[in-house]
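# Overview (structure and organization)
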Amino acid sequence: MTNSAMQQLYQQIILDHAKSRHGASPDELPPLAEAAAAADARGLHLTESHQVNTTCGDEVTVRMGVRADPDRADGDADGDAVIDELVWRGDGCSISMASASVLSDSVRGTTVAESRALLDTFREMLRSRGTIEPDEEVLGDAAAFGGVSRYPARVKCAMLAWVAFEAALLGP
Amino acid sequence: MTSSVPPSPRANARPLTDEEVDRIRNDFPILAQQVNGHPLNYLDSGATSQNPLSVMEAEQEFYEQRNAAVHRGAHTLAFGATETFEAARTTVAAFIGARDDEVVWTSNATEAVNLVAYSFSNASLGLGGAAARRFRLGAGDEIVVTEMEHHANLIPWQQLALRTGATLRFIPVLDDGTLDLAAAAGVVGPRTRVLAFTHASNVVGTVNPVDELVALARSVGALVLLDACQSVPHMPVDVAALDVDFAVFSGHKMLGPTGIGVLFGKYELLADMPPFLTGGSMITTVDMHTAEFLAPPQRFEAGTQRISQAIALAAAVDYLTETGMERIAAREAELGQRLVTGLTDIPGVRLLGPPLGVERIGLASFDLAGVHAHDVGQYLDEAGIAVRIGHHCAQPLHRRLGVTASTRASTYLYTTTDEVDQFLATLREVAPFFGVHS
């Protein structure tokens, strides 16, 4: 068979991220309360979300430490907080795992407002059914998921970790 | 490849030939289409089967010629509709060796299991009076299922246990995807009131020893419910000969439409069971505080029924009967073994379920090392091959086998050997594509 369609979907960047899984914890994450106390001592607010794709059972937990940055408190205090730490753990297809890996690379060190803007752009591209040409300048490695938008059944896979991230941002 | 396939364990009938399968395919217009530029290779009949023209025509003919409410109204059309509806029941009852009044229409097999569980639940609340006492469950009673159940034959029992205080226990599964029958004797005991198990596994394809399990249940006086969703469509099933108390199956897995399922129950049990759904069409006399119920099966068929679906299901049964269930079973057993032979020959594939030569229905699930099932399914779909990926509504079984998801290819009477071979050949490309080298 011709593999061009498959190569469009599974770009090398995706296959590489699916293998290397940046930011993934090799072990079970320590209990949240325990980790939160330790993070607190480092001046971080710890928050997490666990998401499951019920279609296939893929799952991912995103846990992150957010630091309120006094130097950048020039407006929306929440928006200026910095995502200082992010660790995830999951099990799933190459697209969901690669997407979690890219999320980790993309949002660590950015402000909450910047990461929200990236999330919106990423989601808009994925929902476009191939009509939006991804902007690599903005999306970086996340642009590699442009092919996924032509496969509506796989959009959930690509969004899984990002939805967890979004829920964690709203977290307790 | 054919030469390496051993004789089918179900070799008592002549399997459908490739030529016959080619002719059968003419009755299934949906199969003659291109998907992603390739001929559709539909290997997901375990999830839902396709409908032959005769089934769709039966449904259309009903709406064009006979549509009316059944079991009410005295006009000619209503009488004709009722007759056709009840004839459908007779057809389905005969197909499984049951009496007409032992066949209850449901929406699907899931509802059929829930019907039994909720009837027992109602009996446990005292409904149904003294006659229903035998169905009462409470603390100290046990419900036994197996570790290979579809969620449809697990969760209704979990919930029944939670409502009644009964305990849910299970017969474990061995590494090869068969039941641990030695352990079963320790699980099923004097406290066991219900034993519910699948006839054939929708994941590993195992055909369970019904006789042995029924004997075990009988020895302790437990009721038996058989999940026949993967057996009735694919092999001859005689519920009377199997001596099960209840059996459930779905129309859409046996060439019929969606929205119709069947509960078989021994009449003497149904007659003592309180209803699950209540309302119109299931009563004799009603006053503002009480109601008397009809005899089975109507007692369990509240509200307007799935009339056209039942009639279409009967057309599906006719199609299966004319083709010959023994011959279908023999054909699918061959395809099942062909799948096993091919899968075990592919580097990195771990077959779930019994090995080559052990009886299985015409399906096989597997794990491909280093490639998630969703990615396997995507690659196959690009080649026009439709398979099931995920946990197939059997999370505990997948957990037991040490995987979270698997890929399943499932066949039916319209599956060609070429399709099985094309699937196997395409599957070989998957690991290299994803850069996985075994």
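Residues numbered from 1 in each chain as written. Chains lettered and ligands numbered in written order. Predicted model: local features only at pLDDT ≥ 70, side-chain atom pairs only at ≥ 80, totals over all residues. Heavy atoms only, no water.

### Quick notes on the overall build of chain A
Under the convention used in this document: The secondary structure listing takes helices from DSSP runs of H or I that are at least 4 residues long and strands from runs of E that are at least 2 residues long, numbered from the N terminus. Note on method: radius of gyration uses C-alpha positions; expected globular size equals 2.2 Å times residues raised to 0.38. Only protein chains enter the area calculation, which uses a 1.4 Å probe; residues under 20% of their type maximum are buried, those over 50% are exposed, and those in between are partly exposed. Contacts are assigned to residue pairs that have any heavy atoms within 4.5 Å of one another. Only the protein chains shown count as cover for residues, with accessible areas throughout obtained via the Shrake-Rupley method and a probe of 1.4 Å. Counted as positive: Lys and Arg. Counted as negative: Asp and Glu. His and the chain ends are not counted at all. In plain terms, the charge of a residue is placed at NZ if it is Lys, CZ if Arg, CG if Asp and CD if Glu.
Across its full length, chain A holds eight helices and three strands. In terms of C-alpha radius of gyration, chain A reaches 16 Å, essentially the compact-globule figure of 16 Å for 172 residues. Based on the C-alpha atoms only, the size of chain A along its principal axes is roughly 55 × 35 × 25 Å. A total of 172 residues make up chain A; the buried ones form 46% of that total. When contacts within chain A are restricted to residue pairs at least 6 apart in sequence, those whose partners lie at least 24 apart make up 64%. Per element, the accessible surface of chain A, about 8100 Å² overall, is 50% carbon and sulfur. One way to put it: in chain A the 15 positive side-chain charges average out to a point 7 Å from where the 27 negative ones average out.

### As for the sheet that holds strand β4 (residues 103-106) of chain B
The strands making up a sheet are joined through hydrogen bonds of the backbone, oriented either antiparallel or parallel. Residues and elements named next belong to chain B. Stated precisely, the cut-off is as follows: Pairing between strands is defined by DSSP: at least two bridges between them are needed. A fitted line through C-alpha atoms serves as each axis, taken over the contacting stretch for helices, and the angle formed by two N-to-C directions is quoted from 0 to 180°.
Spatially, β4-β10-β9-β8-β7-β5-β6 is the arrangement adopted by the seven strands of the open sheet, whose pairing is mixed. Every other strand in the sheet has two partners, leaving β4 and β6 (167-171) as the edge strands with one partner each. Taking each pair of neighbouring strands and ignoring which way they run, the sheet shows an average axis angle of 20°. Looking at chain direction, strand β5 (residues 142-146) and strand β7 (residues 192-198) are connected through three bridges and run parallel. Along β7, the bridge assignment pairs Glu142 with Thr192.

### Quick look at unusual backbone geometry
Residues and elements named next belong to chain B. Look at the link from Pro296 to Pro297: it is a cis peptide, with omega at 0°. Here Pro297 lies in the loop between β12 (291-293) and α10 (307-323). The backbone of His71 shows a phi angle near 60°, a positive value even though the residue is not glycine. Within the secondary structure layout, His71 lies in the loop between α2 (53-66) and α3 (76-95). Phi at Leu255 is positive, roughly 75°, even though this residue is not glycine. Looking at the secondary structure, you find Leu255 in the loop between β9 (246-250) and β10 (261-265). Note on Leu255: relative accessible area 0%, which makes it buried.

### Quick look at the pattern of salt bridges
Residue and element names in this part refer to chain B. Short version of the rule: By convention in these notes, a salt bridge is any Lys or Arg side-chain nitrogen within 4 Å of a carboxyl oxygen on Asp or Glu.
Applying the stated criterion across every chain, the model contains 26 salt bridges over all chains. Across the pair Asp18 and Arg331 runs a salt bridge, and its minimum N-O distance is 2.8 Å. Highlighted residues: Asp18 in helix α1 (residues 18-25) and Arg331 in helix α11 (residues 325-344), separated in sequence by 313 residues. Arg331 gets classed as buried once you look at its relative accessible area, which sits at 1%. Here Arg338 and Asp421 are joined by a salt bridge, their closest N and O atoms 2.7 Å apart. Taken together, the positions of Arg338 in helix α11 and Asp421 in helix α14 (residues 417-433) put the pair 83 residues apart, joining distant regions of the chain.

### Details of the sheet that holds strand β14 (residues 363-368) of chain B
All names here are of chain B. Strand order in the open sheet formed by four strands is β13-β14-β17-β16, with antiparallel pairing between adjacent strands. Where the open sheet ends on each side, the last strands, each with one partner, are β13 (349-352) and β16 (388-390). In this sheet, neighbouring strand axes are inclined to one another by 30° on average, regardless of whether the strands run parallel or antiparallel. With four bridges connecting them, β13 and β14 associate as antiparallel partners. Counterpart to Val349 in the pairing with β14 is Leu368. Sheet contacts for α14: β13, β14 and β17 (406-410); angle to β14, the most-contacted strand, approximately 10°.

### Examining the packing of aromatic side chains
We count it as follows: Planes of paired rings set the category: under 30 degrees apart is stacked, over 60 is edge-to-face and the rest tilted, where pairs are Phe, Tyr or Trp rings (Trp by its six-membered ring) whose centres lie within 6.5 Å. Charge-over-ring placement is defined geometrically: NZ (Lys) or CZ (Arg) within 6 Å of the ring centre, and within 35 degrees of the ring normal.
Counted under the stated rule, the structure contains 15 aromatic pairs over all chains. Seen from their ring centres, Phe120(B) and Phe135(B) are 5.2 Å apart, and the 10° between their planes marks the pair as stacked. In this pair, Phe120(B) is assigned in helix α4 (residues 109-124) and Phe135(B) in the loop between α4 and β5, connecting sequence segments 15 residues apart. Take Phe120(B) and Phe135(B): they sit in the same class, and that class is buried. An aromatic cluster of at least three residues, connected via ring pairs, comprises Tyr10(A), Tyr379(B), Phe433(B) and Phe434(B). Arg163(B) extends its terminal NZ or CZ atom over the ring of Tyr118(B), reaching a point 3.9 Å from the ring centre.

By themselves these figures say nothing about function.
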